[in-house]
There are 2 protein chains.
Amino acid sequence: MISLRNIARRELASSRKLGSAVLFPRTEMLHVFNRNYSAQSKAIVFASHGKPLEVLKIHSFPLPDLTPESILVKFLAAPINPADINQVEGVYPLRPPFQTTEVSSETPVAMGGNEGVVEVLEVGDAVSEFKPGDRAIMRHTLFGTWRTKAVATTQDLTKIPYSKEEISAVQAATASVNPTTAYNMLTEFADMRPGDWFIQTGANSGVGRAAIQLGRRFGFKSINVVRNRDDIDELKKDLESLGATKVVTDEELADKGFRKVIKEWIGSSSIKLGLNCTGGDSTTNIARQLAEGGHLVTYGGMARKPVTLPVSLFIFKDITSHGYWLSRWSDAHPNEKETIVNEIFSLIKAGELKDVPTDEWVWTENMSEEEMLDVFKKGVATYINGAKGRKQIIVMK
Amino acid sequence: MISLRNIARRELASSRKLGSAVLFPRTEMLHVFNRNYSAQSKAIVFASHGKPLEVLKIHSFPLPDLTPESILVKFLAAPINPADINQVEGVYPLRPPFQTTEVSSETPVAMGGNEGVVEVLEVGDAVSEFKPGDRAIMRHTLFGTWRTKAVATTQDLTKIPYSKEEISAVQAATASVNPTTAYNMLTEFADMRPGDWFIQTGANSGVGRAAIQLGRRFGFKSINVVRNRDDIDELKKDLESLGATKVVTDEELADKGFRKVIKEWIGSSSIKLGLNCTGGDSTTNIARQLAEGGHLVTYGGMARKPVTLPVSLFIFKDITSHGYWLSRWSDAHPNEKETIVNEIFSLIKAGELKDVPTDEWVWTENMSEEEMLDVFKKGVATYINGAKGRKQIIVMK
């Protein structure tokens, strides 16, 4: 599909480049030249939903001129999150739009990536909240963060109030989604008091690790369920070092006799909250451990199986089963989100919220588009193959 | 097991009978004689959990003397509810205690039945709330209502403020459990407004029929799911006559194309609430029809299958899955329950809450214990065999 508006815009853009060197005095010419040079973005896009390794392409396009209200940013880092991949596959309810205008593409394409950290390069005259050199994260989803540069507004960005030495780009790039999800789930559903327990599946995930650390800080104890694996002892030690009270495997939890062990751990306290990112038997088994009136919160379905709960858990144990979706919560509570994100930044800075294990995939300025796409796809392939719980992050240098 | 206290008590009771005829003047003697004659109770009991037709027995025992605070009542009617049967089977979390003293039994036995209507025969001197001839229903569960007589207190009873002509014994005997459950579920979980829809499985059950009628009165529209059967057209007409907006079979609901039909019915309204007494596929299918933010309430598990919901319904559609148990709610809200029961009485009187279809099993005063047990077991057998949605009720004449 050919967009007349795009053709017009690209022609305008190229005529402007040529024209600027001729018509403007040197200082302004340099400025304009620089900006136009800067304001080319390279982005990972897709023209149709499908398998990410097949449909993801790289695409270059000129960014619009800076208006008094806009902010030119360059990306420093952006993770590959499960929701991003599901958006590419077309199985996620919120999806970036296929478009031609913004990306100057003849074929409509969508930009991937939702979480990311940027550095401000240039601000419009009316922008007072940001200055060049400031760093920020995305305030909303669907911005398209797998790219080199973008033109944003103050509404798109949440400033990072710490230096690069205090919070690294990689830390900032993963601060808003997983820890915020964990923070909300720990505080919004059950009447959790210090000394209370929660239990979670997928404890080794980014959210799981954040829940362990935030829970510890809130005074909550945790039973953390993980899949059995060769290096299970190492993983248990790892999670315990973050503050996990107990780490158990799916198999241990499934054993009926294990209930007695858990009762001994809990004593007179109770397990008021279950966090679920799997579905299937593990979910049923954590729900069985909940105290009367307990709450189960589902935020993921990594086992690709439904949540299956005996009717007796609902009727006689008064268990309530909820869902949590950060995007919905963020849209409904933008200010609370900013408050929580700032609290998370301060915890990262204080060393109380450890980095998730990451694999970093580096884009450099000298790379060709082919090389950039190749690096990106390696990150995607690692994600798809499980990544052993490691977060895949694109780092732009 | 022999209880010394019981032996002593029975000896005391028989010596008192003999003694009363000798020691008291005629008027008081008659009174005492009458009371002692009245104060024999015949009750359906069980000494161990198991199949109801095997473990249920009939047992006669003397009731304690009336104290100033107590009330002698005779039962007029008592239903056989699913929870009663589950208590006998030992699969219900609240169960009547096995005891010897109150029932003067050498072997500990438990009395069955939870719902029932009584007529007051005699009241202690300190009782002002009730007088002979008053009718009442049980305020709490576990009273043991499958019996002829009992000694109660004002705390055990909720007075029926209408005459026998206004509300029959059979109507009163089924007023507290099913309609109260339906009332609560319709009003406590979702923000239902007039014009909103609810959808329910087991629409032909006692609760289902009450929900249809109460829902209509509240201005709610309903999609009522029933199992397919030979006389399905008759059943649809029957439920529609109660106020069901739509009646569909499990099979119709399971058809993916049916979603479109439902959308046409709903128009711009939404299905905010699902009531579930089955489990299994029907439950999954009603949950799929709920609007974003909808609530599913499970109060029964007639299909003996769990509640199975895709994780996406929790995460992206923000469905919350609750349980409802009348016993818990009643214990927590005794005054609210009385208010609702009185509203239900007024609706029955006004003809706005139609009788559930019943089979009546009659106990008469002249029957032998064997005959009474035989009649009772016929009711139980009919219940176990499905009863085609008819409520089994013991009527004491």
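All values reported here derive from a predicted model rather than from experimental measurement.

Colleague: So what's going on with the overall build of chain A? Which residues, and what values?
Modeller: Across its full length, chain A carries 15 helices and 17 strands. Scaling as 2.2 N^0.38, a compact globule of 397 residues should have a C-alpha radius of gyration of about 21 Å, and chain A matches this with 23 Å. Buried positions account for 54% of the 397 residues belonging to chain A. For chain A, restricting intrachain contacts to residue pairs at least 6 apart in sequence, the fraction spanning at least 24 positions comes to 72%. Counting only carbon and sulfur atoms, one obtains 52% of the accessible surface of chain A, whose full area is about 17800 Å². Between the centroid of the 48 positive side chains of chain A and the centroid of its 48 negative side chains there is a distance of 2 Å.

Colleague: Give me the lowdown on the interface of chain B and chain A, citing residues and values where you can.
Modeller: Chain B puts 28 residues into the contact, and the matching count from chain A is 28 residues. When chain B packs against chain A, close to 2100 Å² is buried across both sides, 65% of that on carbon and sulfur atoms. With a shortest N-O distance of 3.7 Å, aspartate 318 of chain A and arginine 328 of chain B are connected by a salt bridge. Here chain B and chain A share 8 residue pairs in polar contact (both at pLDDT 80 or more) between them. Taken together, the elements giving at least two residues each to the side of chain B that touches chain A come down to strand 14 (307-309), helix 12 (311-315) and strand 15 (320-323) of chain B. Among the elements that take part in the side of chain B that touches chain A, strand 15 of chain B stands out by supplying 4 residues, more than any other. Split into classes, the residues belonging to the side of chain B that touches chain A amount to 14 nonpolar, 9 polar and 5 charged. Pairing of strand 14 (residues 307-309) of chain A with strand 14 of chain B, which is carried by 3 bridges, proceeds in the antiparallel orientation. Bridging across to strand 14 of chain B, threonine 308 of chain A finds its partner in threonine 308 of chain B.

Colleague: Explain the pairing of strand 11 (residues 246-249) of chain B to me, using residue names and the numbers behind them.
Modeller: Residue and element names in this part refer to chain B. Both strand 10 (residues 221-226) and strand 11 contribute to a ladder of 4 bridges, which runs parallel. Pairing of valine 225 across the sheet is with valine 248, part of strand 11. For the crossover from strand 10 across helix 8 (residues 232-242) to strand 11, the handedness is right-handed.

Colleague: Any details on the sheet that holds strand 4 (residues 110-111) of chain A? Residues and values, ideally.
Modeller: All names here are of chain A. The strand order across the open sheet built from 3 strands is 2-1-4, with neighbouring strands paired in antiparallel fashion. Only two strands of the sheet have a single neighbouring strand rather than two, namely strand 2 (56-62) and strand 4. Pairing of strand 1 (residues 40-46) with strand 4 involves 2 bridges; the strand directions are antiparallel. Paired with phenylalanine 46 across the two strands is alanine 110, which belongs to strand 4. In the packing of helix 15 (residues 369-384) onto the sheet, contacts are made with strand 1 and strand 2, and the angle to strand 2 comes to roughly 135°.

Colleague: Break down the domain arrangement of chain A for me, citing the residues and quoting the values.
Modeller: Where the parts come together, the accessible area they lose is often given as the size of the interface. All names here are of chain A. You can read the domains of chain A as domain 1 (4-174 + 355-396) and domain 2 (181-327). For domain 1 and domain 2, the distance between their C-alpha centres works out to 36 Å. On the side of domain 2, 5 residues touch domain 1, which itself brings 8 residues to the contact. Between domain 1 and domain 2, the buried area comes to about 520 Å², and carbon and sulfur atoms account for 59% of it. Between domain 1 and domain 2 we count 0 salt bridges in total. Across the domain 1-domain 2 interface, the total number found is 1 residue pair in polar contact (both at pLDDT 80 or more). Looking at the side of domain 1 that touches domain 2 residue by residue, the classes come out as 5 nonpolar, 2 polar and 1 charged.

Colleague: I'd love a proper account of the relation of the copies chain B and chain A, names of residues and values included.
Modeller: The two copies are related by a screw operation: chain B maps onto chain A through 180° of rotation and 0.0 Å of translation along the axis, at an RMSD of 0.0 Å. Here the copies are linked by what is in effect a two-fold axis. When C-alpha positions in chain B are compared against the rotation axis, the closest is assigned to threonine 308 of chain B, at 2.1 Å. The overlap is high: 100% of the interface residues of chain B also sit at the interface in chain A, so the same surface is used on both sides.

Colleague: Can you break down the environment of proline 334 of chain A residue by residue, with the values?
Modeller: Residues and elements named next belong to chain A. With respect to the secondary-structure elements, proline 334 resides in helix 14 (residues 334-349). Using a relative accessible area of 34% as the deciding quantity, one classes proline 334 as partly exposed. C-alpha separation for the pair proline 334 and arginine 139, spaced 195 residues apart in sequence, amounts to 8.1 Å.

Colleague: Requested: an account of a negative patch on the surface, with residues and values cited.
Modeller: Residue and element names in this part refer to chain A. On the surface, Asp230, Asp231, Asp233 and Glu234 cluster together to form a negatively charged patch. Examined against the element boundaries, aspartate 231 turns out to sit in the loop between strand 10 (221-226) and helix 8 (232-242). When its relative accessible area of 38% is taken as the criterion, aspartate 231 is described as partly exposed.

Colleague: Any chance you could break down the confidence of the model for chain A for me, citing the residues and the numbers?
Modeller: Residues and elements named next belong to chain A. Residues with a pLDDT of 70 or more make up 90% of chain A, whose mean pLDDT is 90. Predicted confidence is poor over residues 1-37, with pLDDT under 50, and the contacts of this stretch with residues over four places away or in other chains come to 31 contacts. As scored by the predictor, the complex reaches a pTM of 0.87 and an ipTM of 0.86.

Colleague: Please give an account of a positive patch on the surface that cites residues and values.
Modeller: Residues and elements named next belong to chain A. Among the surface-exposed residues, Lys256, Arg259, Lys263 and Arg288 lie close enough to one another that they form a single positively charged patch. With respect to the helices and strands, lysine 263 occurs in helix 10 (residues 258-266). The class of lysine 263 is exposed, set by a relative accessible area of 63%.

Colleague: Any chance you could break down the pattern of salt bridges for me, citing the residues and the numbers?
Modeller: Evaluation of the coordinates by the stated rule reveals 26 salt bridges over all chains. Residue aspartate 238 of chain A is joined to arginine 209 of chain A by a salt bridge in which the shortest nitrogen-to-oxygen separation is 2.6 Å. Of this pair, aspartate 238 of chain A sits in helix 8 while arginine 209 of chain A sits in helix 7 (residues 206-218), and the two are 29 residues apart along the sequence. One salt bridge in this structure joins aspartate 374 of chain B and lysine 378 of chain B, with 3.4 Å as the shortest N-O distance. Of this pair, aspartate 374 of chain B and lysine 378 of chain B both sit in helix 15 (residues 369-384), 4 residues apart, which is roughly one turn of that helix.

Here is what the cut-offs are and how they apply
- Residues numbered from 1 in each chain as written.
- Chains lettered and ligands numbered in written order.
- Predicted model: local features only at pLDDT ≥ 70, side-chain atom pairs only at ≥ 80, totals over all residues.
- Heavy atoms only, no water.
- Helix = DSSP H or I, 4+ residues; strand = E, 2+ residues; numbered from the N terminus.
- Rg over C-alpha atoms; globule rule 2.2 N^0.38 Å.
- Buried < 20%, exposed > 50% of the residue type's maximum accessible area, 1.4 Å probe, protein only.
- Contact = heavy atoms within 4.5 Å.
- Areas by Shrake-Rupley, 256 points an atom, 1.4 Å probe, with all protein chains shown as cover.
- Lys, Arg positive; Asp, Glu negative; His and termini not counted.
- Charge placed at Lys NZ, Arg CZ, Asp CG, Glu CD.
- Buried area = accessible area lost by both parts, 1.4 Å probe.
- Salt bridge = Lys/Arg side-chain N within 4 Å of Asp/Glu carboxyl O.
- Polar contact = N/O pair within 3.5 Å; in protein donor to acceptor, adjacent residues only side chain to side chain.
- Nonpolar A, V, L, I, M, F, W, Y, C, P; charged D, E, K, R; others polar.
- Pairing = 2+ DSSP bridges.
- Right-handed = clockwise from strand over helix to strand, strands pointing away.
- Axes fitted to C-alpha atoms, helices over the stretch in contact; angles between N-to-C directions.
- Domains from an automatic or database assignment.
- Least-squares fit on C-alpha atoms with pLDDT ≥ 70 in both.
- Patch = residues over 30% accessible without salt bridge, like charges linked within 9 Å, V, L, I, M, F, W, Y side chains within 5 Å.
- pLDDT = per-residue confidence, 0-100.

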